[in-house]
Amino acid sequence: QVQLVESGGGLVQAGGSLRLSCAASGSFFSIATMAWYRQTPGKQRELVATITGGEATIYADAVKGRFTISRDNAKKMVFLQMNSLKPEDTALYYCNQQLPGQSASWGQGTQVTVSS
């Protein structure tokens, strides 16, 4: 059973930065596709960024050029560096792990609030 624990959320002013971290347990982390999603009340969870085992990345258009996803396979961690934050980035951010042939795993989320 994979466990994902997010940290690093908080309150920041517009234009500021935050770095989210996700610590994973379990095996095969290095080949897993890791991702960050976010959700606001009343809206569907949306993809923010993904990174494959080969470190290929995909970003949502809304965060391109501002957010950077990275991973440390030795520590079984994935990160999301968020710069130039905007109030519309306010959301609960979730870490996600996907292994081939398995159901996705989710963390409990970390709140990011950006004040204007």
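None of the values given here were measured: they were computed from a predicted structure.

Here we look at the overall build of the protein
Logical step 1: Counting its regular elements, the protein contains 0 helices and 11 strands.
Logical step 2: For the protein, the α and β elements follow one another from N to C terminus as β-β-β-β-β-β-β-β-β-β-β.
Logical step 3: For 116 residues, the compact-globule estimate of 2.2 N^0.38 gives 13 Å, and the C-alpha radius of gyration of the protein, at 13 Å, lies within 12% of that figure.
Logical step 4: Taking the principal axes of its C-alpha atoms as reference, the protein extends roughly 40 × 25 × 25 Å.

Some remarks on the pairing of strand 1 (residues 4-7)
Logical step 1: Alternating residues of strand 1 divide into L4 and E6, all buried, and V5 and S7, none buried.
Logical step 2: Of the strand pairs in this sheet, strand 1 and strand 3 (residues 18-24) are connected by 4 bridges, and their pairing is antiparallel. Paired with L4 across the strands is A24, a residue of strand 3.

A few points about the sheet that holds strand 7 (residues 67-72)
Logical step 1: The sheet built from 4 strands is open, its strands ordered 1-3-8-7 with antiparallel pairing. A single partner strand is all that each edge strand has here, and the edge strands are strand 1 and strand 7. Each strand axis lies, on average, 15 degrees off the axis of its neighbour in the sheet, ignoring direction.
Logical step 2: For strand 7 and strand 8 (residues 77-82), the ladder comprises 6 bridges, and the chain directions are antiparallel. Looking at the pairing, R71 lines up with V78 of strand 8.

Some details on the state of the cysteines
Logical step 1: Scanning the entire structure with this criterion turns up 1 disulfide.
Logical step 2: Across a sulfur-sulfur distance of 2.1 Å, C22 and C95 are joined as a disulfide pair. Here C22 and C95 share a disulfide; its torsion about the S-S bond, -85 degrees, makes the bridge left-handed. Linking C22 in strand 3 with C95 in strand 9 (residues 91-98), this pair joins segments that are 73 residues apart in sequence.
Logical step 3: Given a relative accessible area of 0%, C22 falls into the buried group.
Logical step 4: C95 sits in the buried class, given a relative accessible area of 0%.

Cut-offs applied
Residues numbered from 1 in each chain as written. Predicted model: local features only at pLDDT ≥ 70, side-chain atom pairs only at ≥ 80, totals over all residues. Heavy atoms only, no water. Helix = DSSP H or I, 4+ residues; strand = E, 2+ residues; numbered from the N terminus. Rg over C-alpha atoms; globule rule 2.2 N^0.38 Å. Buried < 20%, exposed > 50% of the residue type's maximum accessible area, 1.4 Å probe, protein only. Pairing = 2+ DSSP bridges. Axes fitted to C-alpha atoms, helices over the stretch in contact; angles between N-to-C directions. Disulfide = S-S within 2.5 Å.

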